[in-house]
Amino acid sequence: MKDGLAEVADLDARDPLAPFRDEFRLRDGLIYVDGNSLGALPKATAARLAATVTEEWGEGLITSWLGANWVGAPQRIGNKIAALLGAKAGEVIAADSTSVNIFKAVTAAASLRPDRSVILSETTNFPTDVYMMQGIEAFSGGRLKSVTVDPDAVLDRLGADVAVLLLTQVHYKSGLIRDMAEVTRRAHERGVLVVWDLSHSAGAIEVDLNGANADFAVGCGYKFLNGGPGAPAFLFAAERHHDAMPVLSGWFGHASPFTFEEDYRAAAGVTRFLCGTPPVLGLAALECGVDLMARADMRELRKKSVRLGQLFIERMTARCGEFGFALVSPADPELRGSQISYAHPHGYEMVQALKERDVIGDFRAPDVLRFGLTPLYLRYADVVEAVERLRDICVTRAWDKPEYRVRAAVT
Ligand SMILES: *Cc1c(COP(=O)(O)O)cnc(C)c1O
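Parameters and conventions
Residues numbered from 1 in each chain as written. Predicted model: local features only at pLDDT ≥ 70, side-chain atom pairs only at ≥ 80, totals over all residues. Heavy atoms only, no water. UniProt positions renumbered as here; feature names shortened; annotations may be inferred. Helix = DSSP H or I, 4+ residues; strand = E, 2+ residues; numbered from the N terminus. Pairing = 2+ DSSP bridges. Axes fitted to C-alpha atoms, helices over the stretch in contact; angles between N-to-C directions. Contact = heavy atoms within 4.5 Å. Domains from an automatic or database assignment. Buried area = accessible area lost by both parts, 1.4 Å probe. Salt bridge = Lys/Arg side-chain N within 4 Å of Asp/Glu carboxyl O. Buried < 20%, exposed > 50% of the residue type's maximum accessible area, 1.4 Å probe, protein only. Near = heavy atom within 4 Å. Polar contact = N/O pair within 3.5 Å; in protein donor to acceptor, adjacent residues only side chain to side chain. Areas by Shrake-Rupley, 256 points an atom, 1.4 Å probe, with all protein chains shown as cover. Patch = residues over 30% accessible without salt bridge, like charges linked within 9 Å, V, L, I, M, F, W, Y side chains within 5 Å. Phe/Tyr/Trp six-rings, centres within 6.5 Å; stacked < 30°, edge-to-face > 60°. Lys NZ or Arg CZ within 6 Å of the ring centre and 35° of its normal.

Going by the annotation in an unreviewed UniProt entry, the name recorded for the protein chain is Kynureninase, with Sphingopyxis soli given as the source organism. Of the comments in the UniProt record for the protein chain, the one headed Subunit (unreviewed entry) reads "Homodimer." UniProt, in its Cofactor (unreviewed entry) section for the protein chain, records the words "pyridoxal 5'-phosphate".

What follows is the structure in structure tokens.
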């Protein structure tokens, strides 16, 4: 039966990150294993947003651009994110969506390789990454070409025609981690610049952008960074690339936005990768999530993430072994980000049935149940209980209902 529960209680009792759970608003009984898709709400965020709206906006009105330093928020929060990712202050800004930042980073990188035409990625990359490449190809009027190859064939495709390699470090479906330093080294040997998508890395695993000699990176604010729905994303540009000419040359990336000059002059540093007016409310919420993450020791966070993952797999094998789940994530924790994915032909229905039992995970087509492991607020006991509820659904076939088969617009 539920063997090993004493050890699990002990793991929670000795967990140095345990106090963080109380910093989040999470309903009793709910097991939230979808923080890799939308992070939970930090308690500090509601008060911060209220103050930003009522005092800074309501009272301060336009004077808050300077009075509350709204104008410095993209760089200030960017610097805090930089510290989480092994980047220097001045190399990261918080802005726009990940998709838009992919456009900005890929076009900037391509402009540094004017004699090369290929933007390369892998076929199973997150769709928006590849969609953006295809849009860039169309936009470039024939200069750039979007090419995707099998995940295993990426390094072999790094030829003299490749300008930019766009890869996601932690795969959104399987959780497989790419070796950032090694891939970057191999790409640089061939003269290729790399744009890393860190959507499932930031706040999830230890990242060392400068240690890996990375060129550009982008990532989400609303996943492991707990910045809220549609939070601003971030963009990293290594200092040596700060002279790249941005294509989205909006006025907030201008050297002097408020002198209203006729022609664009790029700002110094990573600021040139800003485009329009920063979304102040979204940035305020993002900063609360980032501040919380900044208080956590990333090594402890990774250690706990690995243990949560191992426990999840152990419990699945012991309690759901007979129900036909196939592990999609790498079994080796060194190669796995902060999520566990299983394939099952009835995965979609099971994710719906789990929701009714207060376990929120998610589903990724065609057949993957995905469970995000967020060490700041997930307990070891939650992992055990999530698997128990899944077992119950399998034993009773509670997933086998016609209404669970109807696919929703958001999964
Ligand atoms: C979640 C995710 C995105 C999201 O992009 P948005 O523009 O923020 O919607 C992009 N890339 C990857 C790899 C993701 O996992």
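A. Structural view of the environment of Ala 82. Structurally, the position occupied by Ala 82 is in helix H4 (residues 73-84). For Ala 82 and Gly 60, which are 22 residues apart along the polypeptide, the C-alpha to C-alpha distance reads 30 Å.

B. A look at the sheet that holds strand S9 (residues 216-219). Taken together, the seven strands give an open sheet; going across it, the order is S4-S10-S9-S8-S7-S5-S6, and neighbouring strands pair in mixed fashion. If you trace the sheet from one side to the other, it starts and ends with strand S4 (92-94) and strand S6 (145-149), each paired once. The sheet shows a mean angle of 20° between the axes of neighbouring strands, taken without regard to direction. Relative to S9, helix H5 (residues 98-111) is tilted by about 170°, and along the sheet it contacts strand S5 (118-122), strand S7 (162-168), strand S8 (193-197), S9 and strand S10 (234-237). Against the sheet, helix H6 (residues 127-139) makes contact with S5, S6, S7 and S8, and its axis sits at roughly 150° relative to S6, the strand it touches most.

C. Representation of the domain arrangement of the protein chain in the model. We note that the domain assignment places domain 1 (5-41 + 297-404) and domain 2 (69-294) within the protein chain. Contact residues are listed per partner, giving 33 residues for domain 1 and 21 residues for domain 2. For the domain 1 and domain 2 pair, buried surface summed over both sides reaches about 2,100 Å², with 64% attributable to carbon and sulfur atoms. Contact with domain 2 buries area across many residues of domain 1, yet Asn 36, Met 298 and Gln 339 alone supply 22% of it, more than any other trio. Inspection of the region where domain 1 meets domain 2 yields zero salt bridges.

D. Structural context of the pattern of salt bridges. Applying the stated rule across the entire model yields 30 salt bridges. Of the charged contacts in the structure, one is a salt bridge between Asp 400 and Arg 397, with a shortest N-O distance of 3.1 Å. Given a relative accessible area of 48%, Arg 397 falls into the partly exposed group. Salt bridges here are not isolated pairs; linked through shared partners, they connect Arg 48, Arg 76, Lys 80, Glu 287 and Asp 291.

E. Region of interest: the site of the ligand. Neighbouring the ligand are 13 residues; Ser 99, Asp 197, His 200, Tyr 222 and Lys 223 lie closest to it. A distance of 3.1 Å separates a nitrogen atom of the ligand from a polar side-chain atom of Asp 129. Note that an oxygen atom of the ligand is positioned 2.6 Å from one of the side-chain N or O atoms of Lys 223. Expressed as a share of its isolated accessible area of 390 Å², the protein-covered part of the ligand is 87%.

F. Representation of a nonpolar patch on the surface in the model. A surface patch of nonpolar side chains, amounting to about 500 Å² of accessible area, comprises Val 53, Trp 57, Leu 61, Ile 62 and Leu 281. Within the fold, Ile 62 resides in the loop between helix H2 (43-59) and helix H3 (64-67).

G. Geometry of the packing of aromatic side chains. The tally for this structure, following the rule as stated, stands at 16 aromatic pairs. Note on Trp 65 and Trp 70: the rings are 5.3 Å apart at their centroids and 85° apart in plane angle, and the pair reads as edge-to-face. Each ring, one from Phe 126 and one from Tyr 172, has its centre 5.0 Å from the other, and the planes form 85°; the classification is edge-to-face. Of this pair, Phe 126 sits in the loop between S5 and H6 while Tyr 172 sits in the loop between S7 and helix H7 (180-189), placing them 46 residues apart in sequence. An aromatic cluster is present here, built from Trp 65, Trp 70, Trp 251, Phe 252, Phe 258 and Phe 260 joined pairwise through their rings. Sitting over the face of the ring of Phe 126, Lys 223 holds its NZ or CZ atom 5.4 Å from the ring centroid. In this structure, Arg 407 is placed above the aromatic ring of Tyr 348, and the distance from its NZ or CZ to the ring centre is 4.4 Å.

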